[in-house]
Amino acid sequence: MRQAGTYSGILSGGISGRTGPHLLPLARIKKIMKKSGDDVKMISGEAPIVFSKACELFIEELTQRSWMVTMQGKRRTLNKEDVASAVAATDIFDFLLNLVSESDRSGVDATDHPLEMDALIRS
């Protein structure tokens, strides 16, 4: 199993020891993890830290690819169409295609897709 190096700061907790400076709120991540299923009851203290870093890396990667689309369009403002284009052009983001599709989802009932319904409720 691959282990995080000391440079990554994941296991060492960054600057301030165990908790470290996280860009995403660990309590919110833990809450989302607990909501993911009835089987999830106990979550170690380190798991939300790893998820936080994974989310940061995911956001950075998607933003960089979206920004490339923005620059190709000779614009300086990243918009949702740029994100949708980046998702469509990148195989690893195929799981997001139904969330960023170009169609307005006419005729699609959000209750058919619980994750989409959850996203609609939060927004």
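Residues numbered from 1 in each chain as written. Predicted model: local features only at pLDDT ≥ 70, side-chain atom pairs only at ≥ 80, totals over all residues. Heavy atoms only, no water.

Going by what an unreviewed UniProt entry lists, the protein chain is known as Transcription factor CBF/NF-Y/archaeal histone and is assigned to Corchorus olitorius. UniProt annotates the protein chain under Subunit (unreviewed entry) with the comment "Heterotrimeric transcription factor composed of three components, NF-YA, NF-YB and NF-YC. NF-YB and NF-YC must interact and dimerize for NF-YA association and DNA binding." (UniProt positions renumbered as here; feature names shortened; annotations may be inferred.)

Draft legend 1. Examining the confidence of the model for the protein chain more closely. A residue-level look at the protein chain finds 66% of positions with pLDDT of 70 or above and a mean pLDDT of 77. Below a pLDDT of 50 lies the segment residues 12–18, which in the model reaches 13 contacts outside its immediate sequence neighbourhood of four places, other chains included. Here residues 104–123 is modelled with pLDDT under 50, and outside its nearest four sequence neighbours on either side it reaches 11 contacts, counting other chains as well. (pLDDT = per-residue confidence, 0-100. Contact = heavy atoms within 4.5 Å.)

Draft legend 2. Just the packing of helix α2 (residues 46–72) against helix α3 (residues 80–89), in detail. Two elements in contact, α2 and α3, have axes separated by 8 Å at closest approach and are oriented at 110°. One finds that α2 runs roughly perpendicular with respect to α3. Packed against α2, whose contacting residues are Leu62, Arg65, Ser66, Val69 and Thr70, the element α3 presents Asp82, Val83, Ser85, Ala86 and Val87 at the interface. Looking at the contact of α2 with α3 residue by residue, the class counts come to 5 nonpolar, 3 polar and 2 charged. (Axes fitted to C-alpha atoms, helices over the stretch in contact; angles between N-to-C directions. Helix = DSSP H or I, 4+ residues; strand = E, 2+ residues; numbered from the N terminus. Parallel < 35°, antiparallel > 145°, perpendicular 65-115°, else oblique. Nonpolar A, V, L, I, M, F, W, Y, C, P; charged D, E, K, R; others polar.)

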